[in-house]
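Residue-level structural notes
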Amino acid sequence: MISMLRQSAGSSNYLGPRRSSVHDRELLYAKLEIQKAPIMADTAGLRGYVFRNMSQFKRSYELMEKMLKVYVYREGERPIFHQPKMRGIYSSEGWFMKLMEGNKKFVVRDPRKAHLFYMPFSSQMLRNTLENNNSQSHRDLEGYLQNYVDLISGKYRFWNRSRGVDHFLVACHDWASKITRQPMGNCIRALCNANVARGFKIGKDTTLPVTYVRSVEDPARDIGGKPPLERSVLAFFAGSMHGYLRPILRHYWENKEADMKILGPMPRDIDSKRAYREYMKSSRYCICARGYEVHTPRIVEAIFYECVPVIISDNYVPPFFEVLNWEAFSLFVKESDIPKLRDILLSIPEEEYLRMQMGVRMVQKHFIWHKRPAKYDLFHMVLHSIWHNRIFQLKTR
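Here's what I pulled together on the structure shown here. (Residues numbered from 1 in each chain as written. Predicted model: local features only at pLDDT ≥ 70, side-chain atom pairs only at ≥ 80, totals over all residues. Heavy atoms only, no water.)

1. Considering the overall build of the chain
Each helix and strand in the chain was counted, giving 14 helices and ten strands. Taken over C-alpha atoms, the radius of gyration comes to 21 Å for the chain, in line with the 21 Å a tight globule of 397 residues would show. Taken along the three principal axes of its C-alpha coordinates, the chain extends 65 × 55 × 40 Å. Counting all 397 residues of the chain, 56% fall into the buried class. For the chain, restricting intrachain contacts to residue pairs at least 6 apart in sequence, the fraction spanning at least 24 positions comes to 71%. Of the accessible surface of the chain, which amounts to about 17,600 Å², a share of 48% is contributed by carbon and sulfur atoms. Distance from the positive charge centre (62 side chains) to the negative charge centre (41 side chains) of the chain: 6 Å. (Helix = DSSP H or I, 4+ residues; strand = E, 2+ residues; numbered from the N terminus. Rg over C-alpha atoms; globule rule 2.2 N^0.38 Å. Buried < 20%, exposed > 50% of the residue type's maximum accessible area, 1.4 Å probe, protein only. Contact = heavy atoms within 4.5 Å. Areas by Shrake-Rupley, 256 points an atom, 1.4 Å probe, with all protein chains shown as cover. Lys, Arg positive; Asp, Glu negative; His and termini not counted. Charge placed at Lys NZ, Arg CZ, Asp CG, Glu CD.)

2. Focus on the pattern of salt bridges
Inspection of every chain in the model, using the stated rule, returns 21 salt bridges. Between K36 and E33 there is a salt bridge; the shortest N-O distance is 3.2 Å. Taking the relative accessible area as the measure of exposure, E33 reaches 15% and is therefore buried. The partner of K340 in a salt bridge is D337, with the nearest N and O atoms 3.3 Å apart. In this structure D337 comes out as buried when scored by relative accessible area, which is 18%. By sharing partners, the salt bridges in this structure join E33, K36, K58, R59 and E62 into a single network. (Salt bridge = Lys/Arg side-chain N within 4 Å of Asp/Glu carboxyl O.)

3. Some details on a nonpolar patch on the surface
A contiguous nonpolar surface patch, about 280 Å² in accessible area, is contributed by Y244, I248 and Y252. Here Y252 lies in helix 9 (residues 245-253). The exposure class assigned to Y252 is partly exposed, which follows from its relative accessible area of 37%. (Patch = residues over 30% accessible without salt bridge, like charges linked within 9 Å, V, L, I, M, F, W, Y side chains within 5 Å.)

4. Focus: the packing of aromatic side chains
Aromatic ring pairs: the centre-centre distance and the angle between the two ring planes describe each pair. In total, this model carries 25 aromatic pairs according to the counting rule given. Ring plane angle 50° and centroid distance 4.5 Å describe the contact between Y61 and Y376, whose orientation is recorded as tilted. Of this pair, Y61 sits in helix 3 (residues 54-67) while Y376 is found in the loop between helix 13 (350-363) and helix 14 (378-393), placing the two residues 315 residues apart along the sequence. Centre to centre, the rings of Y156 and F158 are 6.4 Å apart; their planes meet at 35°, and the pair counts as tilted. For Y156, a relative accessible area of 14% translates into the label buried. For F158, a relative accessible area of 4% gives the class buried. Through a chain of ring-to-ring contacts, three or more aromatic side chains come together here, namely Y71, Y73, F117, Y156 and F158. Note that R52 overlies the ring of F321, its terminal NZ or CZ placed 4.6 Å from the centroid. Directly above the ring of Y212 sits R214, whose terminal nitrogen or CZ lies 4.4 Å from the centroid. (Phe/Tyr/Trp six-rings, centres within 6.5 Å; stacked < 30°, edge-to-face > 60°. Lys NZ or Arg CZ within 6 Å of the ring centre and 35° of its normal.)

5. What about the pairing of strand 3 (residues 167-171)?
Walk down a regular strand and you will see the side chains alternate between the two sheet faces. Counting buried positions along strand 3 gives five out of five residues, so the element sits mostly inside the fold. In the sheet, strand 2 (residues 116-118) pairs with strand 3 via two bridges, with the strands oriented parallel. Note on strand 3: the bridge partner recorded for F117 is H167. As paired strands, strand 3 and strand 4 (residues 188-191) are joined by four bridges and run parallel to one another. From the neighbouring strand, V170 faces strand 4, where its bridge partner is A190. On the question of chirality, the crossover connecting strand 3 to the parallel strand 4 by way of helix 8 (residues 176-181) is right-handed. (Pairing = 2+ DSSP bridges. Right-handed = clockwise from strand over helix to strand, strands pointing away.)

6. Looking at the side chain of S92
Of note, S92 is situated in helix 4 (residues 91-101). What makes S92 buried here is its relative accessible area of 0%. Filtering out sequence-adjacent residues up to four positions away, S92 remains in contact with L208, P209, V210, T211 and W369.

Structure (structure tokens):
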């Protein structure tokens, strides 16, 4: 699966700016610096084998910290704009909005100084607000966003200068991919619903991790799990039967093997939620099966609880695919291979499992929100993916 995604990474052509700007030339300088980054061994806070190219990632991250300037549009009325929701399944877009708008390192007040332009709307609040106004079709939401684009393109020259390629959005609702495709199609889109079969463009768009935040005060509460040799459950899954895939998973594996804990939806009381976490903390592999759409919060949950993610979701692009080597700390299983799931897991040598489990712990820091952003954390990784894709859209002449 990963090899297929890599093959498609360079297959699309994207619109470039009508004319090169001084900021584009700065980004081209950064691109050349990244490409010639000297090869290095493991460094403080980073392990090489979980990255596709750790040397280039480290250099890219350093240049982002040193150079990147972002302008945040102030237009747009609440609650659709500038009002982040920081709890629940769509909270990733809210956390990024909150931390980006409050950032003093990257944000500039003068848009003429910016390399990138952030369009701070909530796809969740857009859906909820228009639904309350009896206007909830995809076309209605798309039209609302087109009006927003018309507003900023009429007020500023930057959208028209680049046709939107140096603008970005961050959105987690299932519908976000479809409703932004037309009015914001040239933008870099950080989307939870990263489906290459439904318009997600590798190399332009980037995947926003789905983080089900339950505590705003402590989004990483209960992080961690049992050591690998104390994990007695081979594979665990529990969840609602959303979509076509999960009933198939349950049909083949519920109550079939003692070491395969494949369940339906668990009650929502406190004890059941605690039991769910304990299953993840005690399992070697956590099954991350798609629901109605390709994404699922179980991937980040598995990483939180140091359980190797088993991603069963054809056409899904995993988060930070630009830099992370997902095969080092997770397993991709084709949807059609669900009947062979146990055999696949048992065929993995113990040494390989231990290496993947260590990789999960190594990447854990990259999937954590902090109220005050920390180096290499989730806020910075999302921003880095946007920065990275913008740089590598530019062609060196």
